[in-house]
Every structure is written in structure tokens, then in C-alpha cells.
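# Architecture and fold: a report
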Amino acid sequence: MDIRVGCGYDVHALAEGLRLVLCGVEVPHTKGCVAHSDGDVAIHAICDALLGALALGDIGKLFPDSDAKYKGIDSTLLLNEVVELIRSKGYSINNIDCTIAMQRPKLRPYIDTMRARLAEVMGIAVERVSIKATTTEHLGFEGREEGVSATAVVLLIEA
């Protein structure tokens, strides 16, 4: 049995008047992510972790921001495509752990919905999806509310 671990990281600037979408869930806030797609920083980190586990490159390689067809795209569609690629290579997702760092808003009220949405998109049990949120105690770009970052770790098992 082959076991693979992947790590992903993504960051987006925040700007007034844009939608904030995290883990496929719209979170009410005055700011949202500046991005070519919907800017779902958590899904982007998860995609990079999945791709990295099998040395398949990164999200920018598969879905370049220079391609107009990805303008404003729902990142759950990108995640679904990455999961299908992982499965086509003979692997299944054992578990995912993702941490989102931003000062505001508090994400705890949305975590269960985020976990359920990701589990649905990836076709795995919600118990295999961990989403955590943290502030940076007003330090760095996240603490100054200039941006949001996410890190993700995945474990894949050869099916």
C-alpha cells in the first residue's frame, strides 16, 4: 500500500465589497478575496495539497489565471476536478486538515457547514475533513485584515 502526504498553502488579498467564500461557503463580511476565481483560499490550499501528494504540480498549472474560462469560477468545481484526477491515479483521500488564518470575521459559526460542503464535493465522510480557523492576534497581513491565508495537509492512500 502506498501512502502519500501533501501540503498546500494559499493567500489572497481582501478588499471591500467582494464576496468572501471559504470552503465553498459564502461567509457574510464587508471584505472578500481579490482573485481570478471566486478566491476560495481554503479550497485552493486543499487542491495544492492533493496535487502535491502525487507530484502533479499546483492549482495554477491545472487552472491558470491567464485562462478566461476560470474567471470567477466556483472553486468547488476546481476541487471536484482535482479529486477526480487523484482518483484516476488510483488514490483515495484518507483525510484533510485545513487551517484558515484571518482576523475577522469569526469563522467558528461556519466550520460545520464548511466541513459538510467539502465532504460533499469530495465524496468523503465529513469525519475525514478538519477545518480550523485562527486569528494572528493582529499580526501580519491577516491581523491587519489585508488578506487571508490557508494551509492544508492531506493523506492519500493507494486504492
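Just so you know, these numbers come straight off a predicted model, no measurement behind them. (Residues numbered from 1 in each chain as written. Predicted model: local features only at pLDDT ≥ 70, side-chain atom pairs only at ≥ 80, totals over all residues. Heavy atoms only, no water.)

Moving on: the sheet that holds strand β7 (residues 147-158). One open sheet accounts for five strands, arranged β4-β1-β7-β5-β6; its pairing is mixed. Each end of this open sheet is capped by a strand with a single partner; those strands are β4 (31-33) and β6 (129-134). Direction aside, neighbouring strands of the sheet carry axes that sit 25° apart on average. The pairing of strand β5 (residues 91-101) with β7 spans ten bridges and is antiparallel. Its bridge partner being in β7, Cys98 is matched across the sheet by Ala152. Packed onto the sheet, helix α4 (residues 111-122) meets β5 and β6 and runs at close to 145° relative to β6. (Pairing = 2+ DSSP bridges. Helix = DSSP H or I, 4+ residues; strand = E, 2+ residues; numbered from the N terminus. Axes fitted to C-alpha atoms, helices over the stretch in contact; angles between N-to-C directions. Contact = heavy atoms within 4.5 Å.)

Under the definition given, this model contains eight salt bridges. Among the ionic pairs, Glu26 bridges to Arg19, the shortest N-O distance being 3.1 Å. The partly exposed category is assigned to Arg19, whose relative accessible area is 48%. The residue Arg144 makes a salt bridge to Glu146 at a minimum N-O spacing of 3.0 Å. (Salt bridge = Lys/Arg side-chain N within 4 Å of Asp/Glu carboxyl O. Buried < 20%, exposed > 50% of the residue type's maximum accessible area, 1.4 Å probe, protein only.)

What follows deals with the pairing of β6. Sheet topology places β5 next to β6; six bridges connect them, and they run parallel. For Thr99, the partnering residue across the bridge sits in β6 and is Lys132. Considered for its hand, the β-α-β crossover made up of β5, α4 and β6 is right-handed. (Right-handed = clockwise from strand over helix to strand, strands pointing away.)

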